[in-house]
Amino acid sequence: MERLVMSYQTITTDILILGSGGAGLFAALHAKKQAPDLSVTIAVKGLLGKCGCTRMVQGGYNVALAPGDSVERHFMDTIEGGKWLPHQEMAWTLCQTAPERIRELENELGCFFDRNPDGSVHQKAFAGQTFDRTVHKGDLTGIEIIGRLMEQVHARGINKLEEHRAIELIVSSNDGRIAGVLMIDMRSGEFVLVRAKTVLMATGGGPTMYRYHTPSGDKSMDGLAMALRAGLTLRDMEMVQFHPTGLLGGEGTRMTGTVLEEGLRGAGGYLLNGNKERFMFQYDDRGERATRDIVSRGIYEEMRSGQTSPLGGVYISMGHLGPDMVASKFSGMVKRCADCGFDLAGGLVEVVPTAHYLMGGVIVTPDTRTEIPGLFVAGEDAGGAHGSNRLGGNGVANSTVFGGIAGDQMAEEASSIQHHAEPDQHLIDQAIERNLNPMRLNGGSIHEIREDLLNTMWEHVGVMRNAEALSQGLTKIQALRTELYATGIALKARSFNMAWHEWLNLESLIDTSEVICLSALARDNSRGAHFREDFPEAGDLNSSFFTTAHQSRDTYVINRRPVEFSRVKPGESLLASENALPEEVIS
């Protein structure tokens, strides 16, 4: 076949932001406010404000505002929820900055959150927390936040590159500093180098390599795959959170896997097995209000024992709380379930654990810096804040807190840089060559490879793990990569070639799936979202470690690092009235 020409366009900006979720939009607004004379550009794989995961947030935003609550209590819940694996300075920054961010969202950006009769912000109960601290807008919190952020982005002269897919982080050949990002303009199929003084990677995680998953279809772990190729070190990659209640609508609807949020169980919803019996108190004294990892395992055990609903999951029941109340408080979910033929307000809805969030990500400092000078990472692409399990409501807080911090830091650093770094031309040529490879091969069925990956990750690297299943999964994942690299794209035109982009999605998913599997094999205990049936104990908390992963040539290297208890040690508490962590969840 004739060699395809490796040409590309060049765009120059001062500050480049990859992603338009809560982290990316907050970073853009903070950067523009901090340095209004600098050019700020947001690049996004889909359409600005219409793609990504933040807009899909139903539950809410954890923040210590109410009398009796405190930053310290929020912090202790986060540390205990993460099973003592979180980076404590990141967790503290999250909890300490969240009140500032929620006031910024309301008072500066115009968000309207639900209120109490006295006018104060309403905060609802979420599982695994010792205080009702989740701020929300009904069950459509994400849409409210993204809508207001988008209004401000449009009003403040921020540049936008829609339907531009980031494919490679490009550093300088001189000093290794970030020089820009190579992208594909999905509309034309042309390659575009965006040169920038500082770059934020906030593409979102999105563990869509599992049979049941919640993130939007455009999420394929591209950011973490790029980070690995760039030599960055990731942490906690075995920690994939399964939300216990993903809608199970059958194979005929893309709604399967969609989250039915934590607030349902927080409000008093019941989980019932196929015999219409409650079962969660067999697994935890908190019943349905245990943390997500425990509830997911409880449901999975019922499924394995054959106590399932007709479609193979379990039921969630809300009718005992009063259909009118449920329809009023959870209108978005009631409508969503009705679209799939379920009556959430008064009947039973089938649910299944669904891959929801990746706690792992790039190792960063609390001010979002990475090992590559000028490159920042925030949101789900960054690891550390959640440890082995993210509390419901801490996700959007994490994105907005660290997105704002990244924007401030990038603006300050970019203002001090006179000239853009010279990009490494070899890296650019190499990346273009690699991304054109599918065009040079005969067409095949990447759909079958994708289906095999979904089944492999669900069956071998899922809710419950053991060495034999993980080893089998690793072998299958590596075989799928070999099969993918032998499979090409039939359509050679690059403009809006969605088969090409599905191939690239699959490559990113296979790369990160292998790292997840290897990290799960390396952790020979059970913490949070990672449960090993052959190593069911948590191990000594005082000698806790987190796994790291980096790429060395064509292999991934997994290591361990000790957790630094910089603020509190296991068995201690920051709450003055307590010598140990609270065990009971306040109703």
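Cut-offs used in this document
- Residues numbered from 1 in each chain as written.
- Predicted model: local features only at pLDDT ≥ 70, side-chain atom pairs only at ≥ 80, totals over all residues.
- Heavy atoms only, no water.
- Pairing = 2+ DSSP bridges.
- Helix = DSSP H or I, 4+ residues; strand = E, 2+ residues; numbered from the N terminus.
- Contact = heavy atoms within 4.5 Å.
- Axes fitted to C-alpha atoms, helices over the stretch in contact; angles between N-to-C directions.
- Parallel < 35°, antiparallel > 145°, perpendicular 65-115°, else oblique.
- Left-handed = near helix turned anticlockwise from the far one by under 90°.
- Salt bridge = Lys/Arg side-chain N within 4 Å of Asp/Glu carboxyl O.
- Buried < 20%, exposed > 50% of the residue type's maximum accessible area, 1.4 Å probe, protein only.
- Phe/Tyr/Trp six-rings, centres within 6.5 Å; stacked < 30°, edge-to-face > 60°.
- Nonpolar A, V, L, I, M, F, W, Y, C, P; charged D, E, K, R; others polar.
- Polar contact = N/O pair within 3.5 Å; in protein donor to acceptor, adjacent residues only side chain to side chain.
- Disulfide = S-S within 2.5 Å.
- pLDDT = per-residue confidence, 0-100.

(A) Representation of the sheet that holds strand 19 (residues 382–383). If you trace the five strands from one edge of the open sheet to the other, you get 19-17-12-20-21, paired in mixed fashion. In this open sheet, the two strands that pair with only one neighbour each are strand 19 and strand 21 (555–562). Pairing analysis gives eight bridges linking strand 20 (residues 545–552) to strand 21, with the strands arranged antiparallel. Residue pairing for strand 21: Gln551 is matched across the bridge by Tyr556. In this fold helix 14 (residues 498–522) packs onto strand 20 and strand 21, with an angle of close to 45° to the strand it touches most, strand 21.

(B) Quick peek at the packing of helix 11 (residues 425–440) against helix 14. Where helix 11 meets helix 14, the axes come as close as 10 Å, and the angle between the chain directions of the two elements is 125°. Relative to helix 14, the element helix 11 is oriented oblique. Considering only the axes of helix 11 and helix 14, their crossing is right-handed. Residues Arg434, Asn435, Leu436, Pro438 and Met439 of helix 11 form the contact with helix 14, whose own contacting residues are Trp500, Trp503, Leu504 and Glu507.

(C) Focus on the sheet that holds strand 13 (residues 240–247). Across the sheet, which stays open at both edges, the four strands sit in the order 13-16-15-14 with antiparallel pairing between neighbours. At either margin of the open sheet sits one strand with a lone partner, and together these are strand 13 and strand 14 (270–272). For this sheet the average axis-to-axis angle between neighbouring strands, irrespective of direction, equals 40°.

(D) Local environment of the environment of Cys340. The topology assignment puts Cys340 in the loop between helix 9 (331–339) and strand 16 (348–358). When neighbours within four sequence positions are excluded, Cys340 is seen to be in contact with Leu247, Thr253 and Met255.

(E) Layout of the pattern of salt bridges. Taken as a whole and assessed by the stated rule, the structure comprises 39 salt bridges. Note that Glu162 and Arg187 form a salt bridge whose closest N and O atoms lie 3.9 Å from each other. Placement of Glu162 in the loop between strand 7 (159–161) and strand 8 (164–171) and of Arg187 in the loop between strand 9 (178–185) and strand 10 (191–195) is noted, with a sequence separation of 25 residues between them. You can call Arg187 partly exposed: its relative accessible area is 38%. The salt bridge partner of Glu502 is Arg450, with a shortest N-O separation of 2.8 Å. Within this pair, whereas Glu502 is found in helix 14, its partner Arg450 is found in helix 12 (residues 446–460), the two being separated by 52 residues in sequence. The class for Arg450 is buried, based on a relative accessible area of 14%. Linked by salt bridges that have partners in common, Arg177, Asp367, Arg369 and Glu413 make up one network.

(F) Seen up close, unusual backbone geometry. The phi torsion at Lys276 lies on the positive side, around 65°, for a residue other than glycine. Locating Lys276 in the fold gives a position in the loop between strand 14 and helix 7 (292–304). You can call Lys276 partly exposed: its relative accessible area is 47%.

(G) Inspection of the packing of aromatic side chains at higher detail. Overall, the coordinates contain nine aromatic pairs when judged by the stated rule. Between Trp84 and Phe565, the ring centres sit 6.3 Å apart and the planes meet at 75°, which makes this aromatic pair edge-to-face. Of this pair, Trp84 sits in the loop between helix 2 (71–81) and helix 3 (88–108) while Phe565 sits in the segment after strand 21; the two residues are 481 residues apart in sequence, bridging distant segments of the chain. A relative accessible area of 17% means that Phe565 is categorised as buried. Plain terms: the ring middles of Phe279 and Tyr283 are 6.4 Å apart, the flat faces sit at 80° to each other, and that makes the pair edge-to-face.

(H) Structural view of the packing of helix 3 against helix 10 (residues 394–415). Relative orientation of the contacting elements helix 3 and helix 10 amounts to 85°, with a least axis distance of 9 Å. Taken together, the axes of helix 3 and helix 10 lie roughly perpendicular to each other. Across from Met90, Thr93, Leu94, Thr97, Ala98 and Arg101 in helix 3, the residues of helix 10 making contact are Asn394, Ala397, Asn398, Thr400, Val401, Phe402, Gly404 and Ile405. Classifying every residue of the contact of helix 3 with helix 10 gives seven nonpolar, six polar and one charged.

(I) Highlighting helix 2. Helix 2 sits mainly inside the fold: nine of its eleven residues count as buried. When we look at burial in helix 2, the residues that qualify are Val71, Arg73, His74, Phe75, Met76, Asp77, Thr78, Ile79 and Gly81. Residues of helix 2 that are buried in the fold lie against strand 4 (61–62), helix 3 and helix 10. Just downstream of helix 2 lies Lys83, where phi reads positive at about 55°.

(J) View of the side chain of Thr258. With respect to the element layout, Thr258 can be found in the loop between strand 13 and helix 6 (263–266). A polar side-chain atom of Thr258 sits 2.7 Å from the main-chain carbonyl oxygen of Met255. Excluding residues within four positions of it along the chain, Thr258 makes contact with Gln58, His213, Thr245, Gly246, Leu247 and Arg336.

(K) Focus on the pairing of strand 13. Across the eight residues that make up strand 13, a large majority, eight, are buried. Relative to strand 16, strand 13 is paired through six bridges, and the arrangement is antiparallel. Among the inter-strand pairings, Gln241 is bridged to a residue of strand 16, identified as Tyr357.

(L) Representation of the state of the cysteines. In this structure the tally under the stated criterion is zero disulfides. For the unlinked cysteine Cys111, the closest cysteine sulfur is that of Cys53, found at 18 Å. With no disulfide of its own, Cys340 has Cys337 as its nearest cysteine by sulfur position, at a separation of 7.2 Å.

(M) Focus on the confidence of the model for the protein. Overall, the predicted model of the protein reaches an average pLDDT of 93, with 97% of residues at or above 70. This stretch, residues 1–5, has a pLDDT under 50; its non-local contacts, to residues over four places away or in other chains, come to seven contacts. Here residues 579–587 is a poorly scored stretch, pLDDT under 50, and it has 25 contacts once near neighbours within four places are set aside; other chains count.

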